[in-house]
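Each chain, written out:
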Amino acid sequence: MYTNNLILAATLTIVATSPQALADGNHTGGIQAKSDQTKTIEASFDIVHAKITTLNNIATFHMRVVAAAGTDKPTPTGKLAGSNVFSYVWPTSLNSDLVGFEDNAGILSLAVTAHPDFDDTPLYDENADNNPGNDGNVWHSHWVVLQPNEQCGKGALGVVDIPEGSSPKLPNTWPGLPILLDSPGWNPTFNSDTVEVKVAFDRTIDITDANFDGVTAGLRVNKSVHAPLLCVVDVMDIASGNLSLPGKVNQ
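All values derive from a computational prediction rather than experimental measurement.

Undergrad: Explain the overall build of the protein chain to me, please; I cannot follow it from the model alone.
TA: For the protein chain, the helix and strand inventory stands at two helices and 14 strands. Residues counted as buried form 44% of the 251 residues belonging to the protein chain. Considering only intrachain contacts with a sequence separation of at least 6, the fraction spanning at least 24 residues in the protein chain is 63%.

Following this line, the structure appears as structure tokens:
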């Protein structure tokens, strides 16, 4: 009996301290999603967990995939027109004016993106080569405002375009593209199967009532480089399954 208890205790210890068990313990709350059993979604974009938590004025946007987060990037095309963007995205119910856009301009989303054919973070030198204009292929963060856009495809979303001649309210770190996109410089962190971004909000802003979802997607620049400029063309995975934004901050 004593020997059996030792065996049971040892077994429980091994299970409790295995990498999978530890990982599961670190990925509680938020939106729990099932992995793709058909294996049609690349493991690096197959979402199993999405969460947003806050500590003081810092929000941590967290996403876990099956494996190797951040390892897959678009194949370079050599030109902006028709080029591709890969992304990890947290669509939210937050009002777009919280980060410097017009009031209720669309679905405010935090996105971590990579795209080898253009650079949209002119203030930052992500690859540290003293040239801030050549590092679009390094994973970086954006605020984007999305709206349904049938020109992008039936039921598809696109980044909201800025009509020629208009002057909407824009964040100070808007990169100059004619779309509602901001380049705030929040560095994403990749660790095995996880990507996280820490975002500092003004201390007067409370986001704890917000809802969110998790999405992995491919976007494409219009071949004519005109509106719609940037469309969501390949939704790889949605944490909720239906973009219903069921996640609650800090839950």
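Back to the text.
Undergrad: For this particular structure, what's the right way to read the pairing of strand β10 (residues 194-200)?
TA: On a regular strand, one side chain projects to one face of the sheet and the next to the other, so that they alternate. Note: strand β3 (residues 58-65) against β10, seven bridges, orientation antiparallel. Residue pairing in the sheet places T60 in a bridge with K198 of β10.

Undergrad: What's the story with the side chain of D120 in this structure? I'm lost.
TA: Here D120 shows up in the loop between β5 (107-114) and β6 (140-148). No salt bridge is formed by the buried D120; its nearest oppositely charged neighbour, K73, is found at 13 Å. Only 3.2 Å separates the side chain of D120 from the side chain of H115, close enough to count as a polar contact. At a separation of 3.0 Å, a polar atom in the side chain of D120 contacts the side chain of H142. Ignoring any residue separated from it by four or fewer positions in sequence, one finds D120 in contact with H115, H140, H142, P175, L177, L181 and S183.

Undergrad: Got a minute to help me understand the confidence of the model for the protein chain in this structure?
TA: For residues with low pLDDT, the predicted coordinates do not support detailed interpretation. With 89% of its residues at a pLDDT of 70 or more, the protein chain shows a mean pLDDT of 91. Residue range residues 1-25 is modelled with pLDDT below 50. Its contacts to residues more than four positions away, or to other chains, number seven contacts.

Undergrad: Is there a simple way to explain the layout of surface pockets in this structure?
TA: In this approach, a probe sized like a water molecule rolls over the atoms, and the result shows the empty space that is left. In this model, the largest pocket occupies a volume close to 590 Å³. Contributing elements (two or more residues each) for the lining of the largest pocket: β4 (84-91), β5, β6, β7 (157-159), β12 (215-221) and β13 (230-238). Residue classes in the lining of the largest pocket are distributed as 29 nonpolar, seven polar and four charged. Of the voids in this model, the second largest pocket is the one considered here, and its volume is about 230 Å³. As for the second largest pocket, its lining consists of 15 residues, and the residues nearest its centre are L98, V99, D182, W186 and A200. Of the residues that constitute the lining of the second largest pocket, the class distribution is 10 nonpolar, three polar and two charged.

Undergrad: Any chance you could explain the pattern of salt bridges here in plain terms?
TA: Pairing between side chains becomes possible if they bear opposite charge and their charged atoms approach one another. Counted under the stated rule, the structure contains one salt bridge. Between R64 and D193 there is a salt bridge; the shortest N-O distance is 3.0 Å. Residue R64 is found in strand β3, and its partner D193 is found in the loop between β9 (188-191) and β10; the two are separated by 129 residues along the sequence. Under the relative-accessibility criterion, R64 is labelled buried at 9%.

Cut-off values and rules
Residues numbered from 1 in each chain as written. Predicted model: local features only at pLDDT ≥ 70, side-chain atom pairs only at ≥ 80, totals over all residues. Heavy atoms only, no water. Helix = DSSP H or I, 4+ residues; strand = E, 2+ residues; numbered from the N terminus. Buried < 20%, exposed > 50% of the residue type's maximum accessible area, 1.4 Å probe, protein only. Contact = heavy atoms within 4.5 Å. Pairing = 2+ DSSP bridges. Lys, Arg positive; Asp, Glu negative; His and termini not counted. Salt bridge = Lys/Arg side-chain N within 4 Å of Asp/Glu carboxyl O. Polar contact = N/O pair within 3.5 Å; in protein donor to acceptor, adjacent residues only side chain to side chain. pLDDT = per-residue confidence, 0-100. 1 Å grid on protein atoms, 1.4 Å probe; cavity = no way out; pocket = protein on both sides within 12 Å on 5 of 7 lines; lining within 4 Å. Points joined across faces, edges and corners; volume = space filled by probe spheres on them. Nonpolar A, V, L, I, M, F, W, Y, C, P; charged D, E, K, R; others polar.

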